[in-house]
Amino acid sequence: DQLNQIFNSGTYTGSHSNERLISPPVEVVRTSDSYRVRILLPGINPDKVNITVNHKTLTIEGELVSPTLEDTESTLLSEFRYGKFVKQLNLPEAVE
């Protein structure tokens, strides 16, 4: 199935090799004349997301920035992953 190939070919990179990779979930829907892509990016400023298409490759790049703490604050627990991500999906055909 072509959509399974899209998800199996996705590549993800985080900002540091020793960090767990940020891999936001993606949904791709094919219509009769287009593709519709949804990606969950909670907490990421839309101005910090870059989406490009080059022939058959859709690239989504962004960054989740760690919040700045006041001098009187300290983080006790954080399960969030901060940093940059790049997600590339190979589409079954070239798009504009």
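Look up: the structure comes first, before these words.
Residues numbered from 1 in each chain as written. Predicted model: local features only at pLDDT ≥ 70, side-chain atom pairs only at ≥ 80, totals over all residues. Heavy atoms only, no water.

Which residues make up the side chain of Lys87, and what values do they have?
Looking at where Lys87 falls in the secondary structure, it is placed in strand E6 (residues 83-90). At 12 Å, Glu27 is the nearest oppositely charged side chain to Lys87, a buried residue that forms no salt bridge. Among the polar contacts made by the side chain of Lys87, one reaches the main-chain carbonyl oxygen of Pro24 at a distance of 2.4 Å. (Helix = DSSP H or I, 4+ residues; strand = E, 2+ residues; numbered from the N terminus. Buried < 20%, exposed > 50% of the residue type's maximum accessible area, 1.4 Å probe, protein only. Lys, Arg positive; Asp, Glu negative; His and termini not counted. Salt bridge = Lys/Arg side-chain N within 4 Å of Asp/Glu carboxyl O. Polar contact = N/O pair within 3.5 Å; in protein donor to acceptor, adjacent residues only side chain to side chain.)

Run through the packing of aromatic side chains, naming residues and quoting values.
As enumerated under the stated definition, the model contains 1 aromatic pair in all. On the basis of an interplanar angle of 90° and a centroid distance of 6.2 Å, the ring pair of Phe80 and Tyr82 is categorised as edge-to-face. On the accessibility criterion, Phe80 (58% relative accessible area) is exposed. Judged by its relative accessible area of 25%, Tyr82 is partly exposed. (Phe/Tyr/Trp six-rings, centres within 6.5 Å; stacked < 30°, edge-to-face > 60°.)

Break down unusual backbone geometry for me, with residues and values.
Its identity is not glycine, yet His55 carries a phi of approximately 60°, on the positive side. Within the secondary structure layout, His55 lies in the loop between strand E4 (50-54) and strand E5 (57-64).

Residues and numbers for the pairing of strand E3 (residues 35-39), please.
Sheet topology note: the strand E2 (residues 26-30)/E3 ladder contains 5 bridges and is antiparallel. For Glu27, the partnering residue across the bridge sits in E3 and is Arg38. (Pairing = 2+ DSSP bridges.)

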